[in-house]
Amino acid sequence: MSSSAAVASGGNRVRWADLPATVHTAVAEVLGSPVVHAVSQPGGFSPGSADRVETAAGTRAFVKAVSPAQNAVSPAMHAREAQIAALLPLAIPAPRLLGAREVADWQVLVLEDVPGRHPALPWRREELDLVVAALETLVAVATPCPVPGLPTARESLAAELPADALAHLDGDSLVHLDLRADNLLISGGRAVLLDWPHACSGPAWLDLLALLFEVDRLGGEDLAEEVLRTSALTRDVDPDVLTTVLAGFAVFFLTRAAEPDPPGLPTLRSFQRAQGEALQHWVARRRG
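Note on numbering: residues in each chain are counted from 1, in written sequence order. The predicted nature of this model means local features are confined to residues of pLDDT at least 70 and side-chain atom pairs, given and counted, to a pLDDT of 80 or more, with totals for whole chains, interfaces and linings taken over all residues. The side-chain figures draw on all heavy atoms in the structure; neither hydrogens nor water molecules are used.

Enquirer: Talk me through the state of the cysteines; I want residue IDs and the actual numbers.
Expert: In protein chemistry, a disulfide is the covalent bond that joins the sulfur atoms of two cysteines. We call a pair of cysteine sulfur atoms a disulfide when they lie within 2.5 Å. Under the criterion given, the structure shown has zero disulfides. Cysteine Cys145 is unpaired, with the sulfur of Cys200 as its nearest cysteine sulfur at 8.3 Å. Judged by its relative accessible area of 22%, Cys145 falls in the partly exposed class. The cut-offs for exposure are 20% and 50% of the maximum accessible area for each residue type, with area from a 1.4 Å probe on protein chains only; residues under the lower value are buried, those over the upper are exposed, and the others partly exposed. Given a relative accessible area of 0%, Cys200 falls into the buried group.

See the structure below:
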């Protein structure tokens, strides 16, 4: 992995063995058997645990747990993800929620363990095509948005994006709103969308555009533009609209990058700076 790709992940993971016994017990209650083997998973920005586990009965699952000691806002994000994951239609390529528990100040999620790996970085066309297909399925299955109570994209990003970008974010599709390679798995010839706490309703093209931030940043400038031109999700969208939204996200990332490091997330600001600068260059190319 290149150094520019490496800043897309980080956080000080809590290991399964370091979780309180009460968390272990809660997971065993969900799965019907105690965990006997756990493998911590790298990537992402959460400072909590992220483990593929196996129980004494042979059941496999993916377990996430976090408390305010790692990061003050992460437990609420886990709780929100549990609420959303429980309501996702089965046809959406996403892990199923097996159970969620609040144990003292720990938020615990037990999800289906999807065998697979994250897409390779820099992005490869064949794996990107699988993700585009997954996003097309998401739009087909989840328009109008089937998850009640979600904010709109405008509401979610109101304090983050300039007004000219926000003006283009109307839509009634379910939007993941946080797609990068570390939130995706390639599994059995398809892509699976992970980690849903930021979900909202918005334009059908927003997830694909946001995914292409990373494709472009890691050297896939031509590939990102080709996908925008050819995908059914974006090819009929006014190019000026896409450019305006790209410019808005550049502002968002660079503004956030100037803030102090949040607790437990030592690489987040570096990632945001790299992404914001890359988006500035992309916008400049598109504007000629």
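Enquirer: I'd like a description of empty space enclosed by the protein, backed by residues and values.
Expert: A 1.4 Å probe that fits but cannot get out identifies a cavity on a 1 Å grid over protein atoms alone, an open set with protein on both sides within 12 Å along at least five of seven lines counts as a pocket, and a residue lines either if it has an atom within 4 Å of a point. Grid points are joined across faces, edges and corners, and a volume is the space filled by probe spheres set on the points. The final tally for this structure, using the stated rule, is one cavity of 30 Å³ or more. Roughly 30 Å³ of volume is contained in the largest cavity. Lining the largest cavity are Leu135, Leu138, Val139, Leu174, Ala204, Asp207 and Leu233. Helical segments are the DSSP runs of H or I of at least four residues, strand segments are the runs of E of at least two, and each set is numbered from the N terminus. A per-element tally of the lining of the largest cavity places helix α4 (residues 125-141) first, with three residues. Residues are grouped as follows: nonpolar covers Ala, Val, Leu, Ile, Met, Phe, Trp, Tyr, Cys and Pro; charged covers Asp, Glu, Lys and Arg; every other residue, Gly included, is treated as polar. Grouping the amino acids of the lining of the largest cavity by side-chain chemistry returns six nonpolar, no polar and one charged.

Enquirer: If you had to explain the nonpolar core to someone new, which residues and values would you point to?
Expert: Side chains that are nonpolar tend, in soluble globular proteins, to be buried together. Definition of nonpolar core: a set of buried residues of the types Ala, Val, Leu, Ile, Met, Phe, Trp, Tyr and Cys, connected through side-chain atoms within 4.5 Å. Among the nonpolar cores identified, the biggest contains 65 residues, and Leu174, Trp196 and Phe249 are the most heavily contacted of them. The leading source of residues in this core is helix α9 (residues 239-257), at nine residues. Residue contacts are defined here by distance: any two heavy atoms, one from each residue, within 4.5 Å place the two residues in contact. Among residues more than four places away in sequence, those in contact with Trp196 are Glu81, Ile84, Leu88, Ile92, Ala94, Leu138, Leu174 and His176. In this structure, Val14, Val35, Val108 and Val110 belong to the second largest nonpolar core, which totals 16 residues.

Enquirer: How would you explain the sheet that holds strand β5 (residues 106-111) if you had to name every residue and give the values?
Expert: For two strands to count as paired, DSSP must find a minimum of two bridges between them. Taken together, five strands build an open sheet; the order of strands is β1-β2-β3-β5-β4 and the sheet is antiparallel. Edge positions in the sheet fall to β1 (35-40) and β4 (97-103), since each has one partner strand and no second. This sheet shows a mean twist of 25 degrees between the axes of neighbouring strands, independent of strand direction. In terms of strand pairing, β4 meets β5 through six bridges, oriented antiparallel. The residue of β5 that forms the bridge with Val103 is Trp106. Inter-axis angles, ranging from 0 to 180 degrees, are taken between N-to-C directions of lines fitted to C-alpha atoms, where helices are fitted over the stretch in contact. Helix α2 (residues 21-31) contacts β1, β2 (49-55), β3 (60-66), β4 and β5 of the sheet and is inclined by roughly 150 degrees relative to β4. Packing against the sheet, helix α3 (residues 74-85) makes contact with β3, β4 and β5, and its axis sits at approximately 35 degrees to β5.

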